Amino acid sequence: MCIRDRDHVLLIDDFLANGKALEGLAKLVKDSGAELVGAGVVIEKGFQHGGQEIRDMGIRLESLAIVDSMTDDSLTFRD
């Protein structure tokens with residue numbers, strides 16, 4: 001199946017860190033002529049810049065969980 005210019009696309013990913021995978025997928029969607037309606041991720045590493053860069057591109061991004069900090073023995077989630 002290929003993406004056509006009349007398609008509406010929602011990108012889904014498991015982890016978002018630097019945002020390069022979503023950025024590349026968004027470019028593929030744009031180049032196809034289809035409409036990117038948003039992106040969803042399961043876990044966003046909020047302490048890295050990828051999520052903000054994706055949002056700054058004007059892409060609606062929803063994350064099920066955002067990790068604000070991570071050490072060897074703990075995780076802090078955003079409320």
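Residues numbered from 1 in each chain as written. Predicted model: local features only at pLDDT ≥ 70, side-chain atom pairs only at ≥ 80, totals over all residues. Heavy atoms only, no water.

Draft legend 1. Layout of the pattern of salt bridges. For the structure shown, the criterion picks out six salt bridges. A salt bridge links E23 to K20; its shortest N-O distance comes to 3.4 Å. Placement of the pair is E23 and K20 together in helix α1 (residues 20-32), with a separation of three residues, close to one helical turn. E23 gets classed as partly exposed once you look at its relative accessible area, which sits at 30%. Here R78 ties to D68 by a salt bridge, and the two come within 2.7 Å at their closest N and O atoms. Separated by ten residues along the polypeptide, R78 in the segment after β4 (75-77) and D68 in strand β3 (residues 61-70) bring together distant segments of the chain. (Salt bridge = Lys/Arg side-chain N within 4 Å of Asp/Glu carboxyl O. Helix = DSSP H or I, 4+ residues; strand = E, 2+ residues; numbered from the N terminus. Buried < 20%, exposed > 50% of the residue type's maximum accessible area, 1.4 Å probe, protein only.)

Draft legend 2. Inspection of the pairing of β3 at higher detail. Pairing of strand β2 (residues 35-45) with β3, which is carried by six bridges, proceeds in the parallel orientation. Note that in β3 the partner of G40 across the bridge is E62. If you look at the hairpin formed by β3 and β4, you'll find four residues sitting between the two strands. (Pairing = 2+ DSSP bridges.)

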